[in-house]
Amino acid sequence: GAGVSQTPSNKVTEKGKYVELRCDPISGHTALYWYRQSLGQGPEFLIYFQGTGAADDSGLPNDRFFAVRPEGSVSTLKIQRTERGDSAVYLCASSRRGGSDTQYFGPGTRLTVL
Amino acid sequence: AQSVTQLDSQVPVFEEAPVELRCNYSSSVSVYLFWYVQYPNQGLQLLLKYLSGSTLVESINGFEAEFNKSQTSFHLRKPSVHISDTAEYFCAVTLRSNTGKLIFGQGTTLQVKP
């Protein structure tokens, strides 16, 4: 079956611009996670959705970052006023119910802020 | 707060030799433990996980990891590596009482040489 997909695969933008990153989880998975991976580091948690609601957004670094999942499937991560420090690979993962269920990761979106 | 430390950033090894990738974690509460693998140009995949029961867990491709509660470790081992095992390996934990958000180590690059 189809795995987790993310678009675009690469995004280059200029400092100060707004970007949106999209995640399509595995069908039927109620849990969705966003992580950010900087070069040479492990992924860092950003936000967790259970259904349509953001159950844990403790990893969002500041109020420039926001994410939605309006219908409980596709999610969009939104970054306002991008900064060079936002450059990283943004990973999305989904699992059946959350908790200890296996998380399946997408290929990521590589964001470069010039 | 929880943290994960992978003690080696790179591990070079010859084909058919044994290997151990070390992982230690810090947590005041019980955790679930995971190893994820990222092959070149691919997304993160679950390799194995410890939830409960036997402290020794195995993957389908010959890796095993042992949960050691007293030493707060979850080292990954393989008795004989193949060239195809070349990848980056990430150790991760999640709280048993939590949403499933993963806390990752920095990663270990396993380089298998012919």
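Above this text you will find the structure in question.
Caption draft 1: Representation of the overall build of chain A in the model. Along its length, chain A carries zero helices and eleven strands. Listed by position from the N terminus, the elements making up chain A come as β-β-β-β-β-β-β-β-β-β-β. Looking at chain A as a whole, 47% of its 114 residues are labelled buried. Across chain A, every contact between residues at least 6 apart in sequence was considered, and the portion connecting residues at least 24 apart equals 54%. On chain A, roughly 5,500 Å² of surface is accessible, and the fraction owed to carbon and sulfur atoms is 46%. For chain A, the separation between the mean place of its 13 positive charges and that of its 11 negative charges on side chains is 4 Å.

Caption draft 2: Looking closely at the pattern of salt bridges. All names here are of chain A. The full count for this structure, using the stated rule, is eight salt bridges over all chains. Across the salt bridge formed by R64 and D86, the nearest N and O atoms sit 2.8 Å from each other. Separated by 22 residues along the polypeptide, R64 in the loop between β6 (53–56) and β7 (65–68) and D86 in the loop between β8 (75–79) and β9 (88–95) bring together distant segments of the chain. Judged by relative accessible area, D86 falls into the buried class, the value being 3%. R97 is the partner of D101 in a salt bridge, and the nearest nitrogen-oxygen pair spans 3.2 Å. Residues joined in a network through salt bridges with shared partners are R64, E83 and D86.

Caption draft 3: Molecular detail of the nonpolar core. In terms of nonpolar packing, the biggest core is built from 29 residues, with W35, L48, F74, L76 and Y89 of chain B touching the most fellow members. Dropping the residues within four chain positions of it, L76 of chain B is found in contact with V19, E20, L21, W35, L47, L48, F63, E64, A65 and Y89 of chain B. Counting residues in hydrophobic clusters, the runner-up holds 20 residues, among them I26, L32, L60 and L111 of chain A.

Caption draft 4: Structural view of the interface of chain B and chain A. Contacts between the two partners involve 18 residues from chain B and, on the opposite side, 20 residues from chain A. Counting the surface lost from both chain B and chain A, the interface buries some 1,400 Å², and carbon and sulfur atoms represent 56% of this. On inspection of chain B and its partner chain A, the count reaches one salt bridge. For K101 of chain B, the salt bridge identified is with D56 of chain A, shortest N-O distance 3.4 Å. Broken down by secondary-structure element, the contributors of at least two residues to the side of chain B that touches chain A are β5 (31–38) and β6 (45–50) of chain B. Ranked by residue count, the leading element in the side of chain B that touches chain A is β5 of chain B, at four residues. Looking at side-chain class alone, the side of chain B that touches chain A contains nine nonpolar, seven polar and two charged residues.

Rules of the game
Residues numbered from 1 in each chain as written. Chains lettered and ligands numbered in written order. Predicted model: local features only at pLDDT ≥ 70, side-chain atom pairs only at ≥ 80, totals over all residues. Heavy atoms only, no water. Helix = DSSP H or I, 4+ residues; strand = E, 2+ residues; numbered from the N terminus. Buried < 20%, exposed > 50% of the residue type's maximum accessible area, 1.4 Å probe, protein only. Contact = heavy atoms within 4.5 Å. Areas by Shrake-Rupley, 256 points an atom, 1.4 Å probe, with all protein chains shown as cover. Lys, Arg positive; Asp, Glu negative; His and termini not counted. Charge placed at Lys NZ, Arg CZ, Asp CG, Glu CD. Salt bridge = Lys/Arg side-chain N within 4 Å of Asp/Glu carboxyl O. Core = buried A, V, L, I, M, F, W, Y, C linked by side-chain atoms within 4.5 Å. Buried area = accessible area lost by both parts, 1.4 Å probe. Nonpolar A, V, L, I, M, F, W, Y, C, P; charged D, E, K, R; others polar.

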